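Structural features, examined
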Amino acid sequence: MERGTFSKYSWVDFAFSLVGLCTFLVDLGSDVWVAAEFYRRGDVLWFAVLVGLMVLSSLVVQMFSWFWFKYDRELPGFPAHTGAGAVLCGGRVKLFCLLHVLQLGFLCRQISAIRRGFRVWWRKEGGSEYAVYLSHDLSMLRLIETFCESAPQLTLMIYVMLSTNKARTVQFVSVAASTTSIAWMVVDYHRSLRSFLPGKAEQGWGSSLIYFLWNLLLIAPRVAALALFCSVLPGCVAAHFLLLWPVFVAWAWRQGTDFMDSAGGERLYRATVGLIWYFSWFNVAEGRTRGRGFIYHSFITADGGILLATWWCYRDPVRSEPYALALLVALPLAYLLGLLFKALYYCCFHPKLWRPPVRDPGPPDDLPDADVSFRDFSIQDGAAASSRVLNKRMACHAAHFYT
């Protein structure tokens, strides 16, 4: 690298890897338990929807993991840098392919990250940068899984509560925990990107809290509005998604994303971005994001208003009387508050605002949140070639995200 250094793997990274694995296993177990409950009670439709979401999410995540495995194997000297004989099945491509077919590739990656992290953190072995490499990939995969599975499942959970007009305390706690988990995963992904760029100011806890709050206040009303719309017109929610998703995919296509290393992988990425945008904003291309963010939030605000108005017109006045007016007022206010927190973040809590006032002179792009070029992440040429293992796709994505 021409300037800066990568963050070292620490006990915090190892702890996050362990928590990520535990969360994955608990989430999988809870999904299976809820699906079994639906089937046992004879709710075949809800059972089919839940299982379909689980299968779709798993397929998408496994495809991304497999694409990245293929890309990494083509990097010059990658096995020598990473010790690939000890992680990710080494050169045993057929075995790793079989694991992905069996929907175990993501789990294998998490176990590999924990194994490598334990060697780096506890045994003080080499390979710190590859451990960080794995953690960045896992952060992206968890984000994809969150919006492919967790967000739609949360919508389904709220819909079930509304359609049955019955809600136990545990269901409210589950909904609140799921919403918080989704917002936290966005923050974790954001922190992972920032830590990848050595020229960026690190995000402190206060900044992370505000970032978490505005994501929570923007995602929760969106999911709730979709669930309310689904509760009165369940057959139209699929049409609503199929109407908006191609628009979002076309917008991602128009922005010329270049996250993946193959045409097929890029098409998958753009389709996934369209799904994420159905629930939350996600920057994917180089350039100023203020205009894109304004267009997106204006569109989502209008769409959310239509969803709420439709629900209000078609709702059962008697059944919804205890909560209808409160939701009609609270959801728009929560979304507006989320936008205000977002503006507050960029005006008062953005990490670049807390950088030291005096810095050593350097090129303009050495300043926090200035444009970051891809050469910042390249390996030096010639005899002085670095032994660093660089996550090129996440480096490019981080550069685009913070331009």
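You'll find the structure just up there.
Residues numbered from 1 in each chain as written. Predicted model: local features only at pLDDT ≥ 70, side-chain atom pairs only at ≥ 80, totals over all residues. Heavy atoms only, no water.

1. Things to note about the packing of helix α2 (residues 44-73) against helix α10 (residues 263-277)
A pair of packed helices is captured by two measures, namely the crossing angle of their axes and the spacing between those axes. The interhelical angle for the contact between α2 and α10, taken along N-to-C directions, is 145 degrees, at an axis separation of 11 Å. Judged by the twist between their axes, the crossing of α2 over α10 is left-handed. In this structure, α2 contributes Val60, Met63, Phe64, Phe67 and Tyr71 to the contact, and α10 contributes Gly264, Gly265, Leu268, Tyr269 and Thr272. Residues belonging to the contact of α2 with α10 are distributed by class as follows: seven nonpolar, three polar and no charged. (Axes fitted to C-alpha atoms, helices over the stretch in contact; angles between N-to-C directions. Helix = DSSP H or I, 4+ residues; strand = E, 2+ residues; numbered from the N terminus. Left-handed = near helix turned anticlockwise from the far one by under 90°. Contact = heavy atoms within 4.5 Å. Nonpolar A, V, L, I, M, F, W, Y, C, P; charged D, E, K, R; others polar.)

2. Digging into the nonpolar core
Counting residues in each nonpolar core, the largest one holds 70 residues, and the members touching the most others are Phe64, Trp68, Phe147, Tyr269, Trp277 and Phe282. It is helix α8 (residues 205-232) that contributes the most residues to this core, 15 residues altogether. When sequence neighbours within four positions are dropped, the list of residues in contact with phenylalanine 147 reads Pro152, Ile182, Val186, Ile219, Leu275, Ile276, Phe279 and Ser280. Residues Phe38, Trp46, Tyr159 and Cys230 belong to the second largest nonpolar core, which totals nine residues. (Core = buried A, V, L, I, M, F, W, Y, C linked by side-chain atoms within 4.5 Å. Buried < 20%, exposed > 50% of the residue type's maximum accessible area, 1.4 Å probe, protein only.)

3. What about a nonpolar patch on the surface?
A cluster of nonpolar side chains, namely Trp312, Leu325, Val329, Leu333, Leu336, Leu337 and Leu340, defines an oily patch on the protein surface of about 650 Å² accessible area. Of the residues forming the nonpolar patch, the biggest block, six residues, is contributed by helix α12 (residues 324-349). (Patch = residues over 30% accessible without salt bridge, like charges linked within 9 Å, V, L, I, M, F, W, Y side chains within 5 Å. Areas by Shrake-Rupley, 256 points an atom, 1.4 Å probe, with all protein chains shown as cover. Salt bridge = Lys/Arg side-chain N within 4 Å of Asp/Glu carboxyl O.)

4. Regarding the pattern of salt bridges
This model, assessed by the stated rule, comprises five salt bridges. Measuring nitrogen to oxygen at the nearest pair gives 3.8 Å for the salt bridge that ties aspartate 137 to arginine 109. Taken together, the residues span a long stretch of sequence, with aspartate 137 in helix α6 (residues 128-164) and arginine 109 in helix α5 (residues 105-121) at a distance of 28 residues.

5. Topic: the packing of aromatic side chains
Counting across every chain of the model gives 24 aromatic pairs. For the ring pair tyrosine 278 and phenylalanine 279, a centre distance of 5.2 Å and an interplane angle of 90 degrees mean the geometry is edge-to-face. A relative accessible area of 4% means that tyrosine 278 is categorised as buried. Relative to tryptophan 312, the ring of tryptophan 311 lies with its centre 6.1 Å away and its plane at 65 degrees, an arrangement referred to as edge-to-face. Residue tryptophan 311 is classed as buried on the basis of its relative accessible area, which comes to 2%. Positioned above the aromatic ring of tyrosine 278, the side-chain terminus of arginine 222 is 5.1 Å from the ring centre. When the ring centre of tryptophan 312 is taken as origin, the NZ or CZ atom of arginine 315, which lies over that ring, is 3.7 Å away. (Phe/Tyr/Trp six-rings, centres within 6.5 Å; stacked < 30°, edge-to-face > 60°. Lys NZ or Arg CZ within 6 Å of the ring centre and 35° of its normal.)

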